[in-house]
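One letter stands for each residue in the lines below.
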Amino acid sequence: MTERSARARGRLRVLLLGAGGREHALAWKLRRSASLEKLFSAPGSEAISEHAERVALDSLDPSAVTAFCGREKVGLVVVGPEAPLEAGVADALRAAGVPVFGPGKAAARLETSKAFAKDFMTRHGVPTARHQTFSSAAEARDALRSWASGVVVKADGLAQGKGVAVCADRAEALKAVSEFMEGGRLGKAGARIILEERLSGPELSVMALVSSGSMSLLPFSRDHKRLADDDEGPNTGGMGAVAPVPVGPEALRRIESEVMARVLAGLKADGLDYRGALYAGLMLTKDGPKALEFNCRFGDPEAQAVLPLLEGDFLETLLDCSLGRPLAGPVKTSGGACACVVLASEGYPEAPRTGRPISGLEAPLEEGVRVFHAGTSRGERGWVTKGGRVLGVTATAASLEEARNKAYAGVSRISFEGMRYRKDIGAATLEPARKARRAS
Ligand code: AMP
Ligand code: GLY
C-alpha cells in the first residue's frame, strides 16, 4: 500500500496500539473524528472495546502488526506506549508503506535511553541538569565523593518510573547506585546509570505533535508524580494531571526557543525523521526551563487531561504527522480547562492489589465528566481492578477550579476496596492564580 492510497480512500481504518488510560482517551478522541472508518485496538482492554474492535495481535511484534495492517487495509497506526517503538514496530510499518504515528527505534532512544537523551541535549544545546554517565558501580561511587548534596540517580533504560531516585544526601545516592546497578531489580535497564544535579522548581509537561521538520505544541499540562498529597511518597507513573498550565510570556518564549526548537533542530541534524508525539518533562528553575526527560509518546495521565481540550479533526492531524506533512499552525483548543484524578490500587506502585470489584461506574456522569480506564477488566458481576492505576476521572469546565471540583465530584461516586487518590490535583497550579487575584 502506498501512503497516498491510505488518504485517497477518504475515511480511514486505524489501528491503535496500547491498553492503558492514555489509549482509552485516544480511542475516545479518534472515535469522534469524521474521517474514521473503523478503529482496531491491540492489545486494547475491555473498556477500549467500547470504541474499537479488539484484535488478537502481539503489539510488540513488528511483522505481525505489519501483516495485520496489510490484511485489514489499515491506513494509520497510532502507537500509544513506548514499548512497540522500542521493538521497532514503527520502522517496520514505515518500511511497508503504512503511515504510523510514532517515531522509529533510533529516535525513540530519546526516551528509551536516558544516557542517549542527555548526550542529545548536550550536543544540541538543550538546557538540562549537569550529569555524568557510568557503566561501573565502583566508578559511580567514586564520583559521588565529589558531588555536593542534591543528586539524582537515574537508570539508563526503561524502568517504568522505578529507575529514578531523587536523593537527599550522598548515603541515599550510594544506596540507589547499588540497587540500580547491582540489585538486579531493574535488569538491563540498570547496566548504566546517570548521576544528575538535583534541580528545583515547578514541573511542566510539554507535549508536541511532530511532523518531520515541523511541530505543533499542545496545551501545557502538569502531572503529579508522587503518590501522596503535597508531593510526598514514592514516584509513580502519575497520579493526576491538569491542563492548560499557564506560564508567563518569558518562560513560554524560552520553552519554545531554547527547548523545543533546539530539539527539532537536533533531530534534523542527527538525521532522525521524527513523526509522532514528543513529550518534554521540564523543570521551571530560577535559571529558566530545563529538560528532565523526553518521552516519545503522549504522557499518561497528561493525555487524559489534554485530549478533551483539542478541537478539529484529531485523526487528520495525526495522519498529517505520520506522512511528514507540514503542520498547519497550532492545534486548536476549546478554551476552558481539564483535570484528571487517578484512582489507584492499594499497594501501588510497589505491589498493587487487584481483582477488587469497582462500584459506581454505571451511574450517569455529569456533563463534561469522563472516566478513562487504565487498569480494569469486566468480570461476571461488573468491573474489577486489574492494575496499579485503575481509573482516570476527567472533567472539563470553563475554569481549572470548576474542572477540578467536577472531577472530584465524579471521584466521590466511585469506590473499590483500598482505592487511593490524591486530593490536591491541580492545587499548586491554581495557587499562583489565587495569589494574583488576592494581590489585585
Ligand atoms: P524522569 O523520569 O527523568 O522525568 O524523572 C522522574 C521524576 O523525578 C521527575 O518528574 C522529577 O520529579 C524527578 N526528577 C528527575 N530529574 C530530576 C532532577 N535533575 N532534579 C530534581 N528532580 C528530578
Ligand atoms: N506522566 C508521565 C509519563 O507519561 O511519563
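Residues numbered from 1 in each chain as written. Chains lettered and ligands numbered in written order. Predicted model: local features only at pLDDT ≥ 70, side-chain atom pairs only at ≥ 80, totals over all residues. Heavy atoms only, no water.

### Points about the sheet that holds strand 1 (residues 12–18)
- With parallel pairing, five strands are arranged side by side in an open sheet as 3-2-1-4-5. Only two strands of the sheet have a single neighbouring strand rather than two, namely strand 3 (53–54) and strand 5 (100–101).
- As defined by bridge partners, strand 2 (residues 36–43) adjoins strand 3 across two bridges and the pair is classed as parallel. Paired with Phe 40 across the bridge in strand 3 is Glu 53.
- Each of strand 1, strand 2 and strand 4 (76–79) is contacted by helix 2 (residues 21–31), which is oriented at about 170° to strand 1, the strand it contacts most. (Pairing = 2+ DSSP bridges. Helix = DSSP H or I, 4+ residues; strand = E, 2+ residues; numbered from the N terminus. Contact = heavy atoms within 4.5 Å. Axes fitted to C-alpha atoms, helices over the stretch in contact; angles between N-to-C directions.)

### Focus: the packing of aromatic side chains
- For the structure shown, the criterion picks out six aromatic pairs.
- Their ring planes at 90° and their centres at 5.2 Å tell us that Phe 40 and Phe 68 sit as a pair that is edge-to-face. With a gap of 28 residues between them, Phe 40 in strand 2 and Phe 68 in helix 3 (residues 62–71) connect regions that are remote in the sequence.
- Phe 40 gets classed as buried once you look at its relative accessible area, which sits at 1%.
- For Phe 68, a relative accessible area of 5% gives the class buried.
- When the centroid spacing of 6.2 Å and the interplanar angle of 40° are considered together, the rings of Tyr 408 and Tyr 421 count as tilted. Here Tyr 421 lies in the loop between helix 13 (400–411) and helix 14 (427–439) and Tyr 408 lies in helix 13, a separation of 13 residues in the sequence.
- Residue Tyr 421 is classed as partly exposed on the basis of its relative accessible area, which comes to 23%. (Phe/Tyr/Trp six-rings, centres within 6.5 Å; stacked < 30°, edge-to-face > 60°. Buried < 20%, exposed > 50% of the residue type's maximum accessible area, 1.4 Å probe, protein only.)

### A look at the environment of Gly 75
- By secondary structure assignment, the location of Gly 75 is in the loop between helix 3 and strand 4.
- Separated by 114 residues in sequence, Gly 75 and Ala 189 place their C-alpha atoms 34 Å apart.

### Brief notes about the pattern of salt bridges
- Within this structure, the stated rule accounts for 24 salt bridges.
- One salt bridge in this structure joins Arg 253 and Glu 250, with 3.0 Å as the shortest N-O distance. Separated by three residues within a single helix, Arg 253 and Glu 250 lie in helix 10 (residues 249–269), roughly one turn from each other.
- Residue Glu 417 is joined to Arg 356 by a salt bridge in which the shortest nitrogen-to-oxygen separation is 3.8 Å. With Glu 417 in the loop between helix 13 and helix 14 and Arg 356 in the loop between strand 18 (337–344) and strand 19 (369–373), the pair connects residues that are 61 residues apart, well separated along the chain.
- Owing to a relative accessible area of 54%, Glu 417 belongs among the exposed residues under this scheme.
- Members of the salt-bridge network, linked through shared partners, are Arg 13, Glu 37 and Glu 72. (Salt bridge = Lys/Arg side-chain N within 4 Å of Asp/Glu carboxyl O.)

### Side note on the site of ligand 1
- Taken together, 16 residues are adjacent to ligand 1, and Lys 154, Glu 196, Leu 199, Glu 203 and Glu 293 come closest.
- In the environment of ligand 1, a nitrogen atom lies 2.8 Å from a nitrogen or oxygen atom belonging to the backbone of Leu 199.
- A distance of 2.4 Å separates an oxygen atom of ligand 1 from a polar side-chain atom of Glu 203.
- Protein chains shield 91% of the accessible area of ligand 1, which is 470 Å² for the free molecule.
- For the shell around ligand 1, the secondary-structure elements that each account for two or more residues are strand 7 (151–155), strand 8 (164–167), strand 9 (193–197) and strand 17 (288–295).
- Residues belonging to the shell around ligand 1 are distributed by class as follows: seven nonpolar, one polar and eight charged. (Near = heavy atom within 4 Å. Polar contact = N/O pair within 3.5 Å; in protein donor to acceptor, adjacent residues only side chain to side chain. Areas by Shrake-Rupley, 256 points an atom, 1.4 Å probe, with all protein chains shown as cover. Nonpolar A, V, L, I, M, F, W, Y, C, P; charged D, E, K, R; others polar.)

### Quick word on the nonpolar core
- Leu 15, Cys 69, Val 77, Leu 110 and Phe 294 are the most contacted members of the largest nonpolar core, which has 72 residues in total.
- At six residues, helix 10 tops the list of elements feeding residues into this core.
- With residues near it in sequence (within four places) discarded, Phe 294 still touches Leu 110, Glu 111, Ala 117, Met 121, Val 126, Val 263, Tyr 279 and Ala 280.
- Counting 40 residues, the second largest nonpolar core, distinct from the first, contains Val 14, Leu 16, Ala 241 and Ala 277. (Core = buried A, V, L, I, M, F, W, Y, C linked by side-chain atoms within 4.5 Å.)

### Things to note about the site of ligand 2
- In the vicinity of ligand 2, the contacting residues are Asp 223, Lys 225, Gly 237, Tyr 279, Asn 295, Arg 297, Gly 299, Asp 300, Pro 301 and Glu 302.
- A distance of 3.2 Å separates an oxygen atom of ligand 2 from a polar atom in the side chain of Asn 295.
- At 2.8 Å, a side-chain N or O of Glu 302 approaches a nitrogen atom of ligand 2.
- Against a free-state accessible area of 200 Å², the protein chains account for coverage of 91% of ligand 2.
- Of the residues assigned to the shell around ligand 2, the class counts are two nonpolar, three polar and five charged.

### Points about the pairing of strand 7
- By the criterion of burial, strand 7 is predominantly enclosed, with five of the five residues buried.
- Both strand 7 and strand 8 contribute to a ladder of four bridges, which runs antiparallel. Across the sheet, residue Val 151 finds its bridge partner in strand 8, namely Cys 167.
- With five bridges connecting them, strand 7 and strand 9 associate as antiparallel partners. Note that in strand 9 the partner of Val 152 across the bridge is Glu 196.

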